[in-house]
Protein chains: 2
Amino acid sequence: MLQETIDLSTYLTILGFNSAIPTINTSPTAQLLEMEERLFLIDCGEGTQVQLRKAKARFSKINHIFISHLHGDHCFGLPGLIASFRLLGRDNPLHVYGPKGIKKMMETIFQITETHRGFEVVYHELDKDYSEKIYEDNRVEVYTIPLDHRIYCNGYLFKEKPKDRHLNMKEIAKYSEIESCDYHNIKAGKDFVLSDGYVLKNEVLTLEPAPSVSYAFCSDTRYLESVIPIIKNVTVLYHESTFLHDLKEMADYTGHTTALEAATIAQKAQVGKLILGHFSNRYADLTVFTDEARNIFPNSFLPKALESVKI
Amino acid sequence: MLQETIDLSTYLTILGFNSAIPTINTSPTAQLLEMEERLFLIDCGEGTQVQLRKAKARFSKINHIFISHLHGDHCFGLPGLIASFRLLGRDNPLHVYGPKGIKKMMETIFQITETHRGFEVVYHELDKDYSEKIYEDNRVEVYTIPLDHRIYCNGYLFKEKPKDRHLNMKEIAKYSEIESCDYHNIKAGKDFVLSDGYVLKNEVLTLEPAPSVSYAFCSDTRYLESVIPIIKNVTVLYHESTFLHDLKEMADYTGHTTALEAATIAQKAQVGKLILGHFSNRYADLTVFTDEARNIFPNSFLPKALESVKI
């Protein structure tokens, strides 16, 4: 019997989720998404490389880094991470997605610090105000989610493509003519024709595939309804909620969202689960955020740094 | 009796001392020197602002930052630290001393990340190949120590100026004519003339001042005898020793010093105490460095992160 030995589930590890200033116990924004064996790093605040070590992430498997915007708490860990990649002997190319300007900043730093790289860094600079597909392979797609912050900013939507159907081994065992070399076609959805001409329909030989999951990362932004159609029905949504709603004016002024608003986005987009984050340092007890959000969207949660969550 | 209520001793806190790659338990180079109530930050690898928090340093008292060279493990924490200064409401100017190029790098980063500062950053760019005085106030002087690394690099020498003499209150009490408003002149070394014309010599009225201490920071460099006259007789010398002497060739190639060589510098410069640092990650047990150094210079020590040591 065919065994799926590789775990193709999607896991999210939040490496840091506080806003602005790193402290002893909290780190600025960075997340690691493992989807279909790809390892995507999302944002890279100062200290992210140490958080990655704590999460026991394999540095050499990180080939794609997505930066939402060029505020320091989302990107100041990038020069050090790339310098460490070099020292660890990396040779495979690294793709960096981020706002226009990221290449100039990074290359100026590398030139002045004489950080000679033995590998290529490919910059994918973004400047569009509409959602676009920026990455695709045979199993995963990534789209931008244009946001509304004080500086040009995108969220990112990660989607598994529809998966192969599972083999129904109980049925397949009834037909000795079906050999293991036929499995590939059957999983891909094809019928099987027996030597007597009888057609075994694919839906008899297979079971529904595992559902394809999706993850949307939205940080930093004002309340913005135009994200709703882009993130519709995602399995998990991370949405910043820097303030509670009594500071709605402050949120608007600084280009951020309140917990109530983040929950409203989640509810209107009918997402499976909402993770809040990017909390202002003024809040010592973070449960006030879920208390506020759950009034609108009950399936709201606080992030837990370094915990790997299955999506 | 006059009491010295302020502790004017000099303290060194090593915030990080490993080379190249930050790990979970080690930080790249950064040191905090408190001398005569001034707080000097020396180098600023990634994560330094969190180390400063752990050391309970008052951010607002750091007005002078000295960067030895522009390799990432000595400066990648600077953009984040300055960004945090702004968020904490700083308004006093910050002086940054470092190699030519530091201004362009920092200003490019601040421009692209739109880090608007409410305070002035004054860059003092260095490009000389001889020792120069780069800072002076009424109590402290700072000199560069030109080093020999793969990139332009300076160490820094911090010196307390000669201190005021102490009042000999036992003697002074004998003369009712001497009032507290006279103490300033007496401490500064002046004799006191009694109303009958008798001259009280200053050496009778005062005791020797506390000795002036000095601290030399040397990182990163090949073995370099030209530093010896500059750091002659310093109270404490920090000298990098990235490798043991069996890797002398590797040390030369990468622009570093061995423990044996660092001890030789300490011995020839007749310093009071040697602190080693900037160890390659290949060494798990660091006592091998002091074992090697003490053969040449017995007063050699390992650094201890976050421990505040009186100089």
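Values in this document were obtained by computation on a predicted structure and should not be read as measured data.

Cut-offs applied
- Residues numbered from 1 in each chain as written.
- Chains lettered and ligands numbered in written order.
- Predicted model: local features only at pLDDT ≥ 70, side-chain atom pairs only at ≥ 80, totals over all residues.
- Heavy atoms only, no water.
- Helix = DSSP H or I, 4+ residues; strand = E, 2+ residues; numbered from the N terminus.
- Buried < 20%, exposed > 50% of the residue type's maximum accessible area, 1.4 Å probe, protein only.
- UniProt positions renumbered as here; feature names shortened; annotations may be inferred.
- Contact = heavy atoms within 4.5 Å.
- Polar contact = N/O pair within 3.5 Å; in protein donor to acceptor, adjacent residues only side chain to side chain.
- Salt bridge = Lys/Arg side-chain N within 4 Å of Asp/Glu carboxyl O.
- Buried area = accessible area lost by both parts, 1.4 Å probe.
- Nonpolar A, V, L, I, M, F, W, Y, C, P; charged D, E, K, R; others polar.
- Lys, Arg positive; Asp, Glu negative; His and termini not counted.
- Disulfide = S-S within 2.5 Å.
- Pairing = 2+ DSSP bridges.
- Axes fitted to C-alpha atoms, helices over the stretch in contact; angles between N-to-C directions.
- Domains from an automatic or database assignment.

### Re unusual backbone geometry
Here is step 1 of the chain: Geometrically, the link from Ser219(A) to Asp220(A) is a cis peptide bond, its omega value of -5° lying close to zero.
Here is step 2 of the chain: Residue position: Asp220(A) is located in the loop between strand S14 (214–218) and helix H8 (228–231).
Here is step 3 of the chain: You will see that Glu37(B), though not glycine, has its phi angle at about 70°, which is positive.
Here is step 4 of the chain: Tracing the chain through its elements places Glu37(B) in the loop between strand S2 (30–35) and strand S3 (38–42).
Here is step 5 of the chain: Judged by its relative accessible area of 31%, Glu37(B) falls in the partly exposed class.

### Some remarks on the UniProt feature "binding site: Zn(2+) 1" (unreviewed entry) in chain A
All names here are of chain A.
Here is step 1 of the chain: The feature "binding site: Zn(2+) 1" (unreviewed entry), as annotated in UniProt, sits at His69, His71, His149 and Asp220 in this numbering. A maximum C-alpha distance of 10.4 Å is found for the annotated residues, which run over 152 residues; spatially they form one tight group.
Here is step 2 of the chain: Note that His69 resides in the loop between strand S4 (62–66) and helix H2 (72–75).
Here is step 3 of the chain: With residues near it in sequence (within four places) discarded, His69 still touches Asp43, His74, Cys75, Pro99, His149, Ile151, Tyr152, Cys153, Ser219 and Asp220.
Here is step 4 of the chain: When near neighbours in sequence (up to four residues on either side) are disregarded, Asp220 contacts His69, His74, Leu147, His149, Cys153, Glu240, Gly255, His256 and His278.
Here is step 5 of the chain: There is a polar contact of 3.1 Å between the side chain of Asp220 and the side chain of His74.

### Regarding helix H10 (residues 259–268) of chain B
All names here are of chain B.
Here is step 1 of the chain: With seven of its 10 residues buried, H10 lies for the most part within the structure.
Here is step 2 of the chain: If you check which residues of H10 are buried, you get Ala259, Glu261, Ala262, Ala263, Thr264, Ile265 and Ala266.
Here is step 3 of the chain: Packed against the buried residues of H10 are helix H8 (228–231), strand S15 (236–240), helix H9 (248–254), strand S16 (273–277) and helix H11 (287–294).
Here is step 4 of the chain: Positioned one or two residues after H10, Gln270 has a phi angle of 50°, which is positive.

### Observations concerning the pattern of salt bridges
Residue and element names in this part refer to chain A.
Here is step 1 of the chain: Evaluated as defined, the whole model comprises 34 salt bridges over all chains.
Here is step 2 of the chain: For Lys133, the salt bridge is made with Glu141, and the minimal N-O distance between the two is 3.2 Å.
Here is step 3 of the chain: Here Lys133 falls in the partly exposed class, since its relative accessible area comes to 37%.
Here is step 4 of the chain: Each of Glu36, Glu37, Arg139, Glu160 and Lys163 takes part in salt bridges that share partners, so that together they form one network.

### Things to note about the interface of chain B and chain A
Here is step 1 of the chain: Chain B puts 35 residues into the contact, and the matching count from chain A is 36 residues.
Here is step 2 of the chain: Between chain B and chain A lies a buried interface of about 2,900 Å² when both sides are counted; carbon and sulfur atoms form 70% of it.
Here is step 3 of the chain: The interface formed by chain B and chain A contains zero salt bridges.
Here is step 4 of the chain: Scanning the region where chain B abuts chain A turns up six residue pairs in polar contact (both at pLDDT 80 or more).
Here is step 5 of the chain: Of all the secondary structure elements, the ones that give two or more residues to the side of chain B that touches chain A are helix H1 (48–54), helix H2 (72–75), helix H3 (78–87) and helix H4 (102–112) of chain B.
Here is step 6 of the chain: With six residues, H4(B) is the single largest residue contributor to the side of chain B that touches chain A.
Here is step 7 of the chain: A class-by-class count of the residues in the side of chain B that touches chain A yields 16 nonpolar, 13 polar and six charged.

### Observations regarding the side chain of Asp220(B)
Here is step 1 of the chain: Buried and unpaired, Asp220(B) has Arg150(B) as its nearest opposite-charge partner, separated by 6.3 Å.
Here is step 2 of the chain: Within the structure, Asp220(B) has its side chain in polar contact with the side chain of Ser219(B) (distance 2.4 Å).

### Quick word on the state of the cysteines
Residue and element names in this part refer to chain B.
Here is step 1 of the chain: Within this structure, the stated rule accounts for zero disulfides over all chains.
Here is step 2 of the chain: This cysteine, Cys153, is not joined by any disulfide, and Cys218 carries the nearest cysteine sulfur, 9.0 Å off.
Here is step 3 of the chain: Residue classification places Cys153 among the buried residues on the basis of a relative accessible area of 1%.

### Section: the sheet that holds strand S4 (residues 62–66) of chain B
Residue and element names in this part refer to chain B.
Here is step 1 of the chain: In spatial order, the strands read S6-S5-S4-S3-S2-S1-S18; together these seven strands make up an open sheet with mixed pairing. Each of the sheet's edge strands pairs with one partner strand only, and the pair in question is strand S6 (121–126) and strand S18 (308–310). With strand direction ignored, the average angle separating the axes of adjacent strands in the sheet is 20°.
Here is step 2 of the chain: Running over the sheet, H3 touches S3, S4, strand S5 (94–99) and S6 and is turned about 170° from S4.
Here is step 3 of the chain: Its contacts with the sheet place H4 against S5 and S6, and it is angled at close to 145° to S6.

### A few points about the domain arrangement of chain A
Here is step 1 of the chain: Taken as a whole, chain A is organised into domain 1 (11–163 + 210–310) and domain 2 (166–207).
Here is step 2 of the chain: On a C-alpha basis, the centres of domain 1 of chain A and domain 2 of chain A stand 42 Å from each other.

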